[in-house]
Amino acid sequence: MATRMILPAFAAAVSAFPFSPSSSPLIDRQACTPATDVPSVSNSLLPNPFIFADGSEVTTADEWTCRQEEILNAFQQYELGDLPPAPDSLEASLNGGTLSISVTVGGSSASFSASVSGGSGGSSGAIIGLGPVALPLPGGVATITFDNSAFAQQNGGSSRGQGIFYDLFGSDHSAGALTAWAWGISRIIDALEQLGAETTGIDTARLGVTGCSRNGKGAFVAGALDTRIALTIPQESGAGGSACWRISDSEKAKGKNVQTASQIVGENVWFSTRFDSWTSDTSRLPYDHHLLAGLIAPRGLYVPENNIDWLGPVSMTACMRASRLVYEALGASEHLGFSLVGGHGHCQFPASQNGELDQFVNYFLLDGQTKPEIIDRSEENAQAGDYIDWEAPVLS
Ligand code: MCU
C-alpha cells in the first residue's frame, strides 16, 4: 500500500507571526545565571558534569538544567561558535510534500525548504534527517529531509562561511557548520509548530533528528541545542559526536588510527575557528563530549556506532558510558542507548540493531507505551571509570 502523504497534493497552508521568547531553542531550561565566560581547565580526565564553573555543586534536577546552560555556553565558546537566537520573523508553508521556510534577521532574509513524507495520516511523530534518513524506521513515522550541506557547506576548509546560514548572518559568523545546521533544524521545528498538526500531520512533541557520520555529528549537536527534540539518533558520528576529544587523543598516543581534534579542524569546517586554539591540548577544555550527551539528558538519545578505528571505538564507548552517569543521576538511564556493533560498512545500519532502534522510535516518536531497555552494547571493554575522577549524585 502506498504511504499516505502528510497533506493531499496541492493543499497549501501559510502562516507567519513574530516570534515570542518561548520560541527560543532553550525553552525549557531553567532561568539561572550560569557562567557566560567559562574558564579553561587543566584536566586530562573528563570534567565533572556536576560541578559549576564557580565550584558549586549540582544537587537537584533543576540545578542540572542551569548547569546545562553553562555547558552550552562552554561548547559555543570553545568549539561550536555562537548559536544565534530565533529569527525576527518566520513564514512557513506546506505544499504537497514541500515545507518552505522564509526567515528574516535584521535586514536580511533567506528561504529554504525541506521535504516531508510518510506519517500515519493523523498526528505522527517525525524524524528530521540531515540528508536522506538512512535508518530502517518502523512504519508510521514521517520523515523530513533537510539539505544541511546547502544550509552550511562542508567541502573542506575553503567552504567556510558558505551556504544559506552565512548568507543570512555573514560569512564571518563564528558558528561552524554543525551549529549552523542546528539553527536551521530549529527553524524547521518553528515552522511545524506554527503550521500546527492539523496542517502538517506532525506532532511536534514527537520529533527526532538523525544523520550519519559527518551528518551524525550534526544530528548530535542539533539534539543538544534544541530541547524540543525528543529523540536524537546520531549514527556513526565518531569524533565531534559520540567520541570524547581527550580519549581519542589518548588512543592516538597509543598508536591507534583515530580522528582527533587537531586533525578534524584541518579537514573540514564543522567547528568554529574558535576551536583551533584548543585542539593541540584538549585537556584545557572545561567540558568534553560526554557533556554533549549531557545537554540532551534526560531526553531520548540512541547512539548506534561502528568499530571503525577512525571513529574511535574505545573513545566512543567510554565517552558515552560517562554520559550514562548523567542519565542515571536523572533517573533516566533507559533514555540513553549506546550500541557499538562492527562488521558492516560505514553508515550501513545492521539488522542486529533494528530491535533497539524500534524500541527508541516507538517510545519517543510513536505510541510512547513501553520504555526502551537499558542498552549499553560494545565490543570494547572500555569503562568510563578509567577516564573520570567523579561520581554522579542522585539528583533530587
Ligand atoms: C565520521 O565522520 C566523518 C569523519 O569525521 C571524517 O574524517 C571523514 O572524512 O568522513 C566521515 C564521514 O562523514 O563519512 C561519510
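This is a predicted model, so every value here is computed, not measured.

(A) View of the UniProt feature "domain: 4-O-methyl-glucuronoyl methylesterase-like" (unreviewed entry) in the protein chain. Mapped onto the present numbering, the UniProt feature "domain: 4-O-methyl-glucuronoyl methylesterase-like" (unreviewed entry) falls on residues 101-331. Here residues 101-331 runs as 37% helix and 22% strand, with 38 Å between its end C-alpha atoms.

(B) Fine view of the packing of helix H4 (residues 177-195) against helix H6 (residues 214-225). Their axes nearest at 8 Å, the elements H4 and H6 cross at an angle of 55 degrees. Judged on the interaxial angle alone, H6 and H4 are oblique. Handedness of the H4/H6 crossing: right-handed. Note on element contacts: H6 touches H4 through Arg214, Asn215, Lys217, Gly218, Val221, Ala222 and Leu225, opposite Leu178, Thr179, Trp181, Ala182 and Ile185. Classifying every residue of the contact of H4 with H6 gives 7 nonpolar, 3 polar and 2 charged.

(C) How the structure looks around the site of the ligand. Surveying the vicinity of the ligand reveals the residues Ser213, Arg214, Lys217, Glu236, Ser237, Gln259, Glu267, Trp270, Trp310, Leu311 and His346. At 2.6 Å from an oxygen atom of the ligand is found a side-chain nitrogen or oxygen belonging to arginine 214. Interatomic distance of 3.4 Å between a side-chain N/O atom of histidine 346 and an oxygen atom of the ligand. By residue class, the composition of the shell around the ligand is 3 nonpolar, 4 polar and 4 charged.

(D) Just the side chain of asparagine 73, in detail. Here asparagine 73 lies in helix H1 (residues 61-80). Asparagine 73 gets classed as buried once you look at its relative accessible area, which sits at 18%. Apart from the residues within four sequence positions on either side, asparagine 73 is in contact with Pro34, Ala35, Thr36 and Val38.

(E) Inspection of the packing of aromatic side chains at higher detail. In the structure shown here, the tally under the stated rule is 20 aromatic pairs. Ring geometry for phenylalanine 165 versus tryptophan 183: centroids 6.0 Å apart, planes at 75 degrees, classification edge-to-face. Taken together, the residues phenylalanine 165 in helix H3 (residues 164-169) and tryptophan 183 in helix H4 connect sequence positions 18 residues apart. Of the two residues, phenylalanine 165 and tryptophan 183, both sit in the buried class. Aromatic side chains phenylalanine 169 and tryptophan 183 sit 5.0 Å apart centroid to centroid with 90 degrees between the ring planes, which places their arrangement in the edge-to-face category. Pair noted here: phenylalanine 169 is in helix H3 and tryptophan 183 is in helix H4, with a separation of 14 residues, a long-range link. We note that phenylalanine 169, like tryptophan 183, is buried. Members of the aromatic cluster, connected to one another through ring pairs, are Phe112, Phe146, Phe151, Phe165, Tyr166, Phe169 and Trp183.

Reading the values: the criteria
- Residues numbered from 1 in each chain as written.
- Predicted model: local features only at pLDDT ≥ 70, side-chain atom pairs only at ≥ 80, totals over all residues.
- Heavy atoms only, no water.
- UniProt positions renumbered as here; feature names shortened; annotations may be inferred.
- Helix = DSSP H or I, 4+ residues; strand = E, 2+ residues; numbered from the N terminus.
- Axes fitted to C-alpha atoms, helices over the stretch in contact; angles between N-to-C directions.
- Parallel < 35°, antiparallel > 145°, perpendicular 65-115°, else oblique.
- Left-handed = near helix turned anticlockwise from the far one by under 90°.
- Contact = heavy atoms within 4.5 Å.
- Nonpolar A, V, L, I, M, F, W, Y, C, P; charged D, E, K, R; others polar.
- Near = heavy atom within 4 Å.
- Polar contact = N/O pair within 3.5 Å; in protein donor to acceptor, adjacent residues only side chain to side chain.
- Buried < 20%, exposed > 50% of the residue type's maximum accessible area, 1.4 Å probe, protein only.
- Phe/Tyr/Trp six-rings, centres within 6.5 Å; stacked < 30°, edge-to-face > 60°.

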